[in-house]
Amino acid sequence: MKKNNKKWTKPRHKFIYGFLKIFLKPLLRLIYGFKTRKYKLDKKKGYFIISNHQALLDPLFVAMTFNKPIYFVATDNLFNQKFKSSLLKYFLAPIPKRKGTIDVNCLKICLKVVKENSSVGLFVEGNRAYSDFQFYIDPSIIKLVRKMNVPVILYNLKGGFGVDPRWGSKKRKGKFTGEVKRLLSIEEIKSLSDEELYKIICDEIKVFDSS
């Protein structure tokens, strides 16, 4: 079988990302009240960004924080919408994952992206919250973190459940923020046990919007 050596990351992604930041950041702030601080990533390194999941447009909210494109893992239902899916693939290149199963191809693409000195984004709960607390986080995330072998950024979204609830049909006013909670270096990750690393991930992305 012929090996696919094509890069997942493309120069157009940087252009589109820059364009979206200029026009979408003020729009997201106006509509959702979303606020975040800039976080500069080393353009010569790949990163693994792990976040909680609250609102429909969370990939956009998270992406607004960083200075280079983030390639988010997305379930395969996003790729079944013909024209819309084609546009997403061309302009943003999300990483497809089969829902409810271990997807080896998804892992291969994630590794390819970070080897190309780009960043992979993952909403580790796998689903948007139905309430102001989070879904269970599968401990298998630890194996993925170690396999990626790049710095890990733990990102926390807060207030999204109230502003854009999954059960609601309208946007609500409120305080919605996103921030980098912690950066774990490769060396630090290696020094931690699986239990310690799992606890850090859970603690840093934990949020209760009603508190």
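Whatever comes next refers back to the structure up there.
In this report, the structure presented in the accompanying data block is examined.

Cut-offs applied
Residues numbered from 1 in each chain as written. Predicted model: local features only at pLDDT ≥ 70, side-chain atom pairs only at ≥ 80, totals over all residues. Heavy atoms only, no water. Patch = residues over 30% accessible without salt bridge, like charges linked within 9 Å, V, L, I, M, F, W, Y side chains within 5 Å. Areas by Shrake-Rupley, 256 points an atom, 1.4 Å probe, with all protein chains shown as cover. Salt bridge = Lys/Arg side-chain N within 4 Å of Asp/Glu carboxyl O. Lys, Arg positive; Asp, Glu negative; His and termini not counted. Charge placed at Lys NZ, Arg CZ, Asp CG, Glu CD. Helix = DSSP H or I, 4+ residues; strand = E, 2+ residues; numbered from the N terminus. Buried < 20%, exposed > 50% of the residue type's maximum accessible area, 1.4 Å probe, protein only. Pairing = 2+ DSSP bridges. Axes fitted to C-alpha atoms, helices over the stretch in contact; angles between N-to-C directions. Contact = heavy atoms within 4.5 Å.

### Section: a positive patch on the surface
Thinking step 1. A contiguous patch of positive charge on the surface is contributed by Arg 29, Lys 35, Lys 158, Lys 175 and Lys 181.
Thinking step 2. Checked against the element boundaries, Lys 158 lands in strand S6 (residues 152-158).
Thinking step 3. Residue Lys 158 is classed as partly exposed on the basis of its relative accessible area of 42%.

### So, the sheet that holds S6
Thinking step 1. Pairing is mixed across the open sheet formed by 7 strands, whose spatial order is S1-S7-S6-S2-S5-S3-S4. Strand pairing shows two members of the sheet lacking a second neighbour, strand S1 (34-36) and strand S4 (95-97), which therefore form its edges. Each strand of the sheet is rotated relative to its neighbour by a mean of 25°, with strand direction disregarded.
Thinking step 2. Here S1 pairs with strand S7 (residues 176-184) via 3 bridges, running parallel. Bridging across to S7, Phe 34 finds its partner in Phe 176.
Thinking step 3. Helix H8 (residues 194-205) rests against strand S2 (47-51), S6 and S7 of the sheet, and its axis sits at about 30° to S6.

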